[in-house]
Amino acid sequence: MNAPALSQTRCGDCPIRHRAVCARCNADELNELDAIKYYRTYEAGQPIIWSGDVMTFVGSVVSGIASLTQTMEDGRTQMVGLLLPSDFVGRPGREVAAYDVAATTDVVMCCFRRKPFEELMERTPHIANRLLQMTLDELDAAREWMLVLGRKTAREKIASLLLIIARRDASLTPRGATNRMVFDLPLTREAMADYLGLTLETVSRQISALKRDGVIELEGKRHVTVPDMHLLMEEAGDDSDGGFPG
């Protein structure tokens, strides 16, 4: 869904409503959000905010994926995170952006001017509490990703990233109890290599191996079918028995 199509969409009908910062809001609170929201679109590769810039807005990713990147003093860069649909951009109370944020794919964002949003947070505990929960979830995800990057093999890294994307897709598009997942991979192999700290050749080789071993099926380079999510979890070294939404 693009920004023009969303422009007439009320908060209660938003496709990320049940996962976004407004997930716990009642009807009156949603009306207040409706009054101050606007949509922005970004093409793949376009910057959303630069590190050190003043954040004039905050908002949620509605569709697409954005990357968080940190640049070191010598000019080297490292992708340190991905923002998927329903993830929040910006920090109320913080005026300056801590990371470069760029659209990895075409992105639509639901935005709020920072000051009005901060004022709304002060009188709307549902928003403040939900944002705290999302921040803590983000901290947990960052700790898990440290394990992925530091201890897992290349094959496990690829499987872990596929698992993250599959789980998020399932949470946004409930499809009943199923162990089979079908989704479009939103990242190029180059972007996957950058995020995982691998070479492009290694990413391509490991994806081919997962396909050969029946862990995934590929149509083209982006359309992924996971016949057995439990098998993908095993390949990722994930022994969780409750992390996949059915």
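Within any chain, residue numbers begin from 1 and follow the written order of that chain's sequence. Only residues with pLDDT of at least 70 get local features here, since the model is predicted, and only at 80 or more are side-chain atom pairs given and counted; chain-wide, interface and lining totals rely on the full set of residues. To obtain the side-chain values, all non-hydrogen atoms of the structure were included, while hydrogens and water were left out.

### A short note on the nonpolar core
- Note on terminology: a nonpolar core comprises buried Ala, Val, Leu, Ile, Met, Phe, Trp, Tyr and Cys residues joined through side-chain atoms within 4.5 Å. Only protein chains enter the calculation, and the probe is 1.4 Å; a residue is then buried if its accessible area is under 20% of its type maximum, exposed if over 50%, and partly exposed in between. Residues Ile-158, Leu-161 and Ile-216 are the most contacted members of the largest nonpolar core, which totals 36 residues.
- Only DSSP runs of H or I covering at least 4 residues are called helices, and only runs of E covering at least 2 are called strands; the numbering of each starts at the N terminus. Put simply, the parts of the chain that give this core at least two residues each are strand E5 (77-83), helix H4 (125-151), helix H5 (154-172), strand E9 (181-184), helix H6 (189-196), helix H7 (200-212), strand E11 (223-226) and helix H8 (229-235).
- If one sorts the elements of this core by residue count, H5 sits on top with eight residues.
- Val-21, Cys-25, Phe-117 and Leu-120 belong to the second largest nonpolar core, which has 23 residues in total.

### So, the confidence of the model for the protein
- Chain-level statistics for the protein give a pLDDT mean of 86 and a share of 91% at 70 or above.
- Model confidence for the protein, summarised as mean pLDDT per element, is weakest for helix H1 (residues 3-6) at 58 and strongest for H7 at 96.
- pLDDT expresses how confident the predictor is about each individual residue, on a scale running from 0 to 100. By definition in these notes, contact holds between two residues if any of their heavy atoms fall within 4.5 Å. Per-residue pLDDT stays below 50 along residues 241-246; that stretch engages in 13 contacts with residues further than four places along the chain or on separate chains.

### So, the side chain of Arg-130
- Its location among the elements puts Arg-130 in helix H4.
- Asp-137 provides the closest opposite charge to the buried, salt-bridge-free Arg-130, at an N-O distance of 4.8 Å.
- Filtering out sequence-adjacent residues up to four positions away, Arg-130 remains in contact with Arg-19, Ala-20, Val-21, Ala-23 and Arg-24. His is not counted here, nor are the chain ends, while Lys and Arg score as positive and Asp and Glu score as negative. Every case where a carboxyl oxygen of Asp or Glu lies within 4 Å of a side-chain nitrogen of Lys or Arg is listed as a salt bridge.

### Quick notes on the environment of Met-229
- Topologically, Met-229 is positioned in helix H8.
- Exposure remark for Met-229: the relative accessible area of 0% places this residue in the buried category.
- Through-space distance from the C-alpha of Met-229 to that of Val-215 is 8.5 Å; in sequence the pair is 14 residues apart.

### Quick notes on helix H3 (residues 114-123)
- The complete set of buried residues in H3 reads Arg-114, Pro-116, Phe-117, Glu-118, Leu-120 and Met-121.
- Looking at the buried positions of H3, the neighbouring elements they touch are helix H2 (27-36), strand E3 (57-63), strand E6 (88-89), strand E8 (107-113) and H4.

### With respect to the pattern of salt bridges
- Summed over the entire model, instances satisfying the criterion amount to nine salt bridges.
- Here Glu-118 ties to Lys-115 by a salt bridge, and the two come within 4.0 Å at their closest N and O atoms. Here Lys-115 and Glu-118 lie together in helix H3, a separation of three residues that amounts to about one turn.
- Residue Glu-118 is classed as buried on the basis of its relative accessible area, which comes to 14%.
- Exposure remark for Lys-115: the relative accessible area of 47% places this residue in the partly exposed category.
- Among the charged side chains, a salt-bridge network with shared partners connects Arg-155, Arg-212, Asp-213 and Glu-235.

### Brief notes about the packing of aromatic side chains
- Centre distance within 6.5 Å is the pairing criterion for rings of Phe, Tyr and Trp, where only the six-membered ring of Trp is used; planes under 30 degrees apart are then read as stacked, over 60 as edge-to-face, and the remainder as tilted. Evaluation of the coordinates by the stated rule reveals two aromatic pairs.
- Judged by centre distance (5.7 Å) and plane angle (35 degrees), the ring pair of Phe-88 and Phe-117 falls under tilted. In this pair, Phe-88 sits in strand E6 while Phe-117 sits in helix H3, placing the two residues 29 residues apart along the sequence. This pair shows no difference in class: Phe-88 is buried, exactly as Phe-117 is.
- Within the aromatic cluster, the residues linked to one another by ring pairs are Phe-88, Phe-112 and Phe-117.
- The aromatic ring of Phe-57 is capped on one face by Arg-40, whose charged end is 4.5 Å from the ring centroid. Ring-over charges, as used throughout, are those where CZ of Arg or NZ of Lys falls within 6 Å of the ring centre and within 35 degrees of the ring normal.

### A few points about unusual backbone geometry
- Even without being a glycine, Ser-86 presents a positive backbone phi close to 90 degrees.
- Relative to the elements of secondary structure, Ser-86 occurs in the loop between E5 and E6.
- Residue classification places Ser-86 among the buried positions, given a relative accessible area of 1%.

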